[in-house]
Amino acid sequence: MDRGFTLVRPLEGGLDAWEAAGYDLEAERILMSPTGSFPRAG
């Protein structure tokens with residue numbers, strides 16, 4: 001929301017509540033440059 005996205009809301013209970021509700025969790029590693037920009041997927 002701080003970055004201008006409008007269709008997002010905080011998840012009450014966080015990821016623990018998400019997992020307890022039976023939804024999958026998947027870890028994804030995101031690498032950022034020292035400038036804070038995301039590398040382009042290619």
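Please refer to the structure placed before this passage.
Residues numbered from 1 in each chain as written. Predicted model: local features only at pLDDT ≥ 70, side-chain atom pairs only at ≥ 80, totals over all residues. Heavy atoms only, no water.

### Digging into the overall build of the protein chain
- From N to C terminus, the protein chain includes one helix and zero strands.
- Counting across all 42 residues of the protein chain, residues that qualify as buried make up 0%.
- Summed over all atoms, the accessible surface of the protein chain reaches about 4,600 Å², with 55% contributed by carbon and sulfur. (Helix = DSSP H or I, 4+ residues; strand = E, 2+ residues; numbered from the N terminus. Buried < 20%, exposed > 50% of the residue type's maximum accessible area, 1.4 Å probe, protein only. Areas by Shrake-Rupley, 256 points an atom, 1.4 Å probe, with all protein chains shown as cover.)

### Notes on the environment of Met1
- The topology assignment puts Met1 in the segment before helix 1 (14-20).
- Dropping the residues within four chain positions of it, Met1 is found in contact with Val8, Arg9 and Pro10. (Contact = heavy atoms within 4.5 Å.)

### So, a negative patch on the surface
- On the surface, a cluster of negative charge is made up of Asp16, Glu19, Asp24 and Glu26.
- Classification of Glu19 as partly exposed rests on a relative accessible area of 48%. (Patch = residues over 30% accessible without salt bridge, like charges linked within 9 Å, V, L, I, M, F, W, Y side chains within 5 Å. Salt bridge = Lys/Arg side-chain N within 4 Å of Asp/Glu carboxyl O. Lys, Arg positive; Asp, Glu negative; His and termini not counted. Charge placed at Lys NZ, Arg CZ, Asp CG, Glu CD.)

### Things to note about a nonpolar patch on the surface
- Together, Leu11, Leu15, Trp18, Tyr23 and Leu25 give the surface a local cluster of nonpolar side chains, amounting to about 510 Å² of exposed area.
- Here Trp18 lies in helix 1.
- Residue Trp18 is classed as partly exposed on the basis of its relative accessible area of 34%.

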